[in-house]
Amino acid sequence: MRHEPGQYAREAMPRGLRRFAPLSAHASLLDLDLEMYRTHGKRVLLLDMDNTVVPWRTHEVPTEVREFLRRAQDLGYKICAVSNTSRMERLREICADLGIDHVRARNKPSRRMFVQALRLFQAEPHEALMVGDQLMTDVLGANRAGIDAVWVAPMSNKEFIGTKINRMVESVVGKFLYRYFQPSVAFGVAPKREGLFKHQVVKEFLKFGIVGATSTALDWGLHYLLMYKATWGGQLLSEVVGAWMLGMVNPGAVATEKALSDAAYAPLKILPVLIAIFNGYYWNSKWTFRVAERTLQAKLISRFYIVALAAMVVNLVVSTSVKIAVHGSAQKAFWVASFVGMIVAAFVNFIGQRQWTFRDTKRSS
Ligand SMILES: [Mg+2]
């Protein structure tokens, strides 16, 4: 369902609806203006865990979330997990790891856990702020306890089956709530600038280019080393591999230096490209597309590799053809081929990674 950042005019709502209304909505926990809420008297931060702090069922708290919580603590916030999880061991570990408290009582939307948490810090309801990704548990529960709630979009779409059912109810309630939705400022939160999307694509493209340059440097450098520096049994590795390849493909061929080098070019490019892909995955997920979720997700990695491998095939086909087509010294042909292969593959790669691999991931701002 729609989840837009903005405020809800709770005072204008009928009472029944107000129970489900958050104070505001954000794309992520990270978008919370901690300083602003602090100046409005908030000193206790209550957090839902699954899909608010960590993706459902995982242990890995994203670095940005970690830094965010540390910043909250530095600002004087007391932080407490208010989770419906049945896996207490995991909850304890995550909370200990983050240095935050947790309470456990009857599941949200019961008031119990909220009341416990307030008691823990001897706080009044108006001093606390609840952050969660579900209207039917996090927001409703907080409102029942008289606590302001902030609604964030879930970190991932993997969810408990019960949550999926809650989401259906949520989408109905959400439709009514949106009548009172204001996408602008109410509580001092700066609205997002228009044209940000365009700006963002350009920024991503530039970053992707920079990451691509480091990957390419790795690819070319390693490939060059393997082709012209690495030795095997006192002979150049490329000559050994080239002779082996020629022997397999065309046993009668004349093993000139160029023929050996041509034959070794493709097999010796595989390892450098695979290493370059990993480099690209790492920096593009962390930096270019700023994935807020756990970046070591099987789905993300496999998609990245599928796209990158497709780009690698393109690179291999293009650069190998160019290498053979270019006249002159073997080394000159090597650099021309590498350059043309890189340009074409980078284009394929950017489109694929942006439009497919990272399309549905949540970005930290
Ligand atoms: Mg949740």
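Worth saying up front: this structure is predicted, and the values here are computed from it rather than measured.

Q: In this structure, what is going on with the nonpolar core? I would like to understand it.
A: A general feature of soluble globular proteins is that nonpolar side chains tend to end up buried together. Ranked by size, the top nonpolar core spans 45 residues in total, and within it Leu-45, Leu-46, Leu-47, Val-82, Phe-114 and Met-130 carry the most contacts. When sequence neighbours within four positions are dropped, the list of residues in contact with Met-130 reads Leu-46, Val-82, Asp-138, Ala-142, Ile-147, Ala-149 and Val-150. Grouped together as the second largest cluster of nonpolar side chains are 13 residues, Ile-277, Leu-300, Ala-345 and Ala-346 included.

Q: Would you mind going over the domain arrangement of the protein chain with me for this structure?
A: For the protein chain, the assigned domains read domain 1 (6-182) and domain 2 (196-357). Between domain 1 and domain 2, the C-alpha centre-to-centre distance is 45 Å.

Q: Just checking my understanding: could you explain the pairing of strand β4 (residues 78-82) for this structure?
A: Within a regular strand, the side chains alternate between the two sheet faces. In terms of residue burial, β4 counts as a mostly covered element, since 4 of its 5 residues are buried. Where strand β3 (residues 44-47) and β4 come together, 4 bridges link them in parallel fashion. By the bridge assignment, Leu-47 is partnered in β4 with Ala-81. Each parallel crossover has a hand, and for β3 linked through helix α3 (residues 63-74) to β4 it is right-handed. Where β4 lies against strand β5 (residues 101-103), 3 bridges are found, and the strand directions are parallel. Across the sheet, the residue bridging to Val-82 is Val-103, located in β5.

Q: Just to check I follow, could you spell out the packing of helix α6 (residues 135-144) against helix α7 (residues 161-177) for this structure?
A: A packed helix pair is summarised by two numbers, namely the angle formed by the two axes and the spacing between the axes. Here α6 crosses α7 at 60°, and the two axes come no closer than 9 Å. One element, α6, and the other, α7, form an angle in the oblique class. Of the residues in α7, those in contact with Leu-135, Met-136 and Thr-137 of α6 are Asn-166, Val-169, Glu-170, Val-173 and Gly-174. The residue makeup of the contact of α6 with α7, split by class, is 4 nonpolar, 3 polar and 1 charged.

Q: What's the story with unusual backbone geometry in this structure? I'm lost.
A: Leave glycine aside and you will find that most residues have negative phi; peptide bonds, for their part, are mostly trans. Between Lys-108 and the following residue, Pro-109, the backbone shows a cis peptide bond with an omega angle of 10°. Locating Pro-109 in the fold gives a position in the loop between β5 and α5 (112-120). With a phi angle near 70°, Asn-51 is a residue other than glycine that sits in the positive phi range. Within the fold, Asn-51 resides in the loop between β3 and α3.

How each quantity is defined
Residues numbered from 1 in each chain as written. Predicted model: local features only at pLDDT ≥ 70, side-chain atom pairs only at ≥ 80, totals over all residues. Core = buried A, V, L, I, M, F, W, Y, C linked by C-beta atoms within 7 Å. Buried ≥ 20, exposed ≤ 12 C-beta atoms within 10 Å, placed from the backbone. Contact = placed C-beta atoms within 7 Å. Domains from an automatic or database assignment. Helix = DSSP H or I, 4+ residues; strand = E, 2+ residues; numbered from the N terminus. Pairing = 2+ DSSP bridges. Right-handed = clockwise from strand over helix to strand, strands pointing away. Axes fitted to C-alpha atoms, helices over the stretch in contact; angles between N-to-C directions. Parallel < 35°, antiparallel > 145°, perpendicular 65-115°, else oblique. Nonpolar A, V, L, I, M, F, W, Y, C, P; charged D, E, K, R; others polar.

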